Amino acid sequence: MTLTDDLLAGNRRALARTITLVENDGPDAHAALAALYPRTGQAHILGVTGAPGTGKSTLVNALAKAYRRRGFTVGIVAVDPTSPFTGGALLGDRVRMRDLSGDPGIFIRSMATRGSLGGLAQATADVILALDAAGFQRVIVETVGVGQAEVDIASTTHTTVVVEAPGLGDEVQAIKAGVLEIADILVVNKADREGADKTMTALHMMLGMGMRYANHHGRTMAVDGVAAVEPAGWTTPIIKTVALRDTGVDELLEAVEAHRTYLLESGEMQQREEDRAHTSLIHILQASVLRRLNSRVSGDHLHQLVAEVANRELDPYSAADQLLPAVLSAQ
Ligand SMILES: Nc1nc2c(ncn2[C@@H]2O[C@H](COP(=O)(O)OP(=O)(O)OP(=O)(O)O)[C@@H](O)[C@H]2O)c(=O)[nH]1
Ligand SMILES: [Mg+2]
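Residues numbered from 1 in each chain as written. Chains lettered and ligands numbered in written order. Predicted model: local features only at pLDDT ≥ 70, side-chain atom pairs only at ≥ 80, totals over all residues. Heavy atoms only, no water.

(A) Molecular detail of the overall build of the protein chain. Summing up its helical and strand segments, the protein chain has 13 helices and 9 strands in all. For the protein chain, the proportion of its 331 residues judged to be buried stands at 48%. At a minimum sequence separation of 6, the contacts of the protein chain that also span at least 24 residues come to 74%. As displayed, the protein chain offers around 15,800 Å² of accessible surface, 55% of which is attributable to carbon and sulfur atoms. (Helix = DSSP H or I, 4+ residues; strand = E, 2+ residues; numbered from the N terminus. Buried < 20%, exposed > 50% of the residue type's maximum accessible area, 1.4 Å probe, protein only. Contact = heavy atoms within 4.5 Å. Areas by Shrake-Rupley, 256 points an atom, 1.4 Å probe, with all protein chains shown as cover.)

The structure is reproduced here in structure tokens:
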């Protein structure tokens, strides 16, 4: 039995080892992913993002439990692009999610970053594939909302949940970060706190102004008031939760499932799958070019070209042209 056979047979250690392999991004990882790929495509992939401390981990924990109560198996990936080395937040995640471990229907993995080549979004996409192949029916990816990173990661998911919380200084954090555009579902967590209603109102106003946002898939999504004239569209729901007390969590689960049904029935799922495939392909090609650059061009040669560009003896495009043959040649 190979590692991938063991994984497909439901062996958790094989899954953990495969994920480690995938994080290290070597040739073995590519072979493993190629073997697993035909067995993927069953999981619904859910991204949960938002500003630090809004309660994402607590909410993911509660949502995973709600899915378990309904008989779904759940894989959880906690991504923290901001602190690759300290691991503090990751440890916190593990502590908070500890009550889920021991359940064979749950698999939790924290990841920080993978070298400089593959990039975190691609590493995340690969870990999702491993969980999907292992048969987890819902995969939840938690990312901290800091900007481009979670927009990238949104392109690896089917449904993006953006979590807000009252009293973070700004009325609506997501607007500033530009994250609202990627939301399929908005959550105002910590609804037990003062200011939750103000945050709800602010979000409703933004969505209700009749504005149409071009989402990250390059299409427009219908918002409040617009859905009536565009029945095929998706109206972004705003859900109040108190993750600590499980309040609103079933509504969130229902919204995710409704979004999944919408994607399947409208044909948008196919479009999202193509977007995901496209993003993945680009990431892989970028990584591959960089890997070849590292292995085929000596550090001295690269440094010499860099120095020439810095000294204005050579422009950067001509320098890149000089390197391309080595990168592109069959070998
Ligand atoms: N009052 C209240 N506190 C909450 C709620 N949900 C989470 N918290 C608390 O908020 C704090 C942060 O929660 P986390 O779940 O770690 O938040 P997070 O968004 O995952 O944080 P990072 O991953 O560090 O960005 C913890 O102390 C939680 O107990 C809630 O609904 N109400
Ligand atoms: Mg967290």
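Here the narrative resumes, following the displayed structure.
(B) Geometry of helix α6 (residues 120-133). Taking 1.5 Å per residue, 14 residues should reach 20 Å; α6 reaches 20 Å between its end C-alpha atoms and fits that length. Residue G135 follows α6 closely and has a positive phi angle near 100°. (Expected span 1.5 Å × (residues − 1).)

(C) Examining the coordination of the magnesium ion (ligand 2) more closely. Distances from the magnesium ion (ligand 2) to its protein donors, S57 (OG) and E142 (OE), fall at 2.1 to 2.2 Å. One end of the pair, S57, is in helix α4 (residues 56-69); the other, E142, is in strand β4 (residues 138-144), and 85 residues separate them in sequence. Of the two residues examined, S57 and E142, each falls in the buried class. (Donors = N, O, S within 2.8 Å, 3.2 Å for Na, K, Ca; no water.)

(D) View of the nonpolar core. Judged by nonpolar contacts, the single largest core of 29 residues is most densely connected at L63, V161, I185 and L252. Looking at this core, the elements that each hand over two or more residues are β1 (44-50), α4, β2 (74-79), β5 (159-164), β6 (185-188) and α10 (249-266). When sequence neighbours within four positions are dropped, the list of residues in contact with L63 reads L46, I140, V249, L252 and L253. Ranked by size, the runner-up nonpolar core spans 25 residues in total, among them L33, V77, F107 and A123. (Core = buried A, V, L, I, M, F, W, Y, C linked by side-chain atoms within 4.5 Å.)

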